[in-house]
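Architecture and fold: a report
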Amino acid sequence: MPVLSDLTAALASGAVRVVDLTAPLSSDTPLLELPPELGQTARFELEEISRYDDRGPAWYWNNFRTGEHTGTHFDAPIHWVSGKDRDDVATVPVSVFVAPAVVLDVTSRVEADPNFLIEVADIEAFAAEHGPLPQGGWLLCRTGWSGRVTQEEMINRTDTGPTSPGMSVDCARWVAEESPLQGIGVETVGTDAGAAHSFEPAFPCHSFLLGAGKYGLTQLQNLDQLPPVGAVVVASPLKIVGGSGSPVRVLALIED
């Protein structure tokens, strides 16, 4: 059966559409913020090498500097202490980077409460309506947070600290240990809720998922263009030897 020929024909005809889920990467891209006594990720920077000038008359190119976990990025298991003996970015199986996805939409609940936490019951209700979660697939959490494009909006500091939606401790544990999923994707600056520093354990999505050899995608956009089920995600990080993560271009294939 000419599966790949059918796919290329569907792409050419528009029957299958490519949706970019990636946030622009620039010096304005929001960053994770940690307490000041801890190490911080680097803001994205371009350093011009030449631009059709005496440094290089026929070419334009740049050096760039940034953190592995800047902007839309991929979390490898080795990123967290619970996964310290697991895969780095360069050794994650390539099959991980092309996988089915489902989209759980909780935007209305986040509008009412920016600290909203997804519970196991929310995922079970989704599966009851749309069918079983995909084996080896992504759970993409649509919260509306991608509309926040500045550092201040994304981190959303309040009297209690960073404020953004995420998963409860029990939900993160369930996704890691009981679900057929390979990981989660979020619109926020990291896979955990803003208040997750005070959870037990702290940052449970990182702790449980990465400890279980699963993965995270962050700062996704355009999830509103995806159906609840049926999308295929292509997420291609840089093959950084020893890397704990990487900026990633995330695309979704959907049938129109």
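Now for a quick tour of the structure. The structure displayed is predicted, hence computed values, not measured ones. (Residues numbered from 1 in each chain as written. Predicted model: local features only at pLDDT ≥ 70, side-chain atom pairs only at ≥ 80, totals over all residues. Heavy atoms only, no water.)

With that settled, consider the environment of Val-89. Mapped onto the elements, Val-89 comes out in the loop between β4 (73–75) and β5 (98–105). Its relative accessible area of 4% is what places Val-89 among the buried residues. Separated by 72 residues in the primary sequence, Val-89 and Gly-161 have C-alpha atoms spaced 31 Å apart. When neighbours within four sequence positions are excluded, Val-89 is seen to be in contact with Ala-76, Pro-237, Leu-238, Ile-240, Gly-243, Ser-244, Gly-245 and Ser-246. (Helix = DSSP H or I, 4+ residues; strand = E, 2+ residues; numbered from the N terminus. Buried < 20%, exposed > 50% of the residue type's maximum accessible area, 1.4 Å probe, protein only. Contact = heavy atoms within 4.5 Å.)

Okay, the pattern of salt bridges next. Within this structure, the stated rule accounts for nine salt bridges. With a closest N to O distance of 2.8 Å, Arg-249 and Asp-20 form a salt bridge. Of this pair, Arg-249 sits in strand β14 (residues 245–255) while Asp-20 sits in strand β1 (residues 16–20), and the two are 229 residues apart along the sequence. Judged by its relative accessible area of 26%, Asp-20 is partly exposed. The partner of Asp-85 in a salt bridge is Lys-84, and the shortest N-O contact between them spans 3.5 Å. (Salt bridge = Lys/Arg side-chain N within 4 Å of Asp/Glu carboxyl O.)

Secondary-structure assignment places His-73 in strand β4. Engagement of the side chain of His-73 in a polar contact is seen with the side chain of Asp-75, the distance being 3.4 Å. Of the polar contacts made by the side chain of His-73, one reaches the side chain of Thr-218; its length is 2.9 Å. (Polar contact = N/O pair within 3.5 Å; in protein donor to acceptor, adjacent residues only side chain to side chain.)

For the structure shown, the criterion picks out five aromatic pairs. With a centroid separation of 5.5 Å and 25° between ring planes, the pair formed by Phe-74 and Tyr-215 is classed as stacked. Within this pair, whereas Phe-74 is found in strand β4, its partner Tyr-215 is found in strand β12 (residues 215–217), the two being separated by 141 residues in sequence. The buried category is assigned to Phe-74, whose relative accessible area is 0%. (Phe/Tyr/Trp six-rings, centres within 6.5 Å; stacked < 30°, edge-to-face > 60°.)

Assignment of secondary structure puts Phe-116 in the loop between α2 (107–112) and β6 (117–118). Along the primary structure Phe-116 and Gly-166 are separated by 50 residues, whereas in three dimensions their C-alpha atoms are 6.7 Å apart. The residues contacting Phe-116, other than those within four sequence positions of it, are Val-106, Arg-109, Val-110, Asp-122, Pro-165 and Gly-166.

These values are about where atoms sit, not about what they do.
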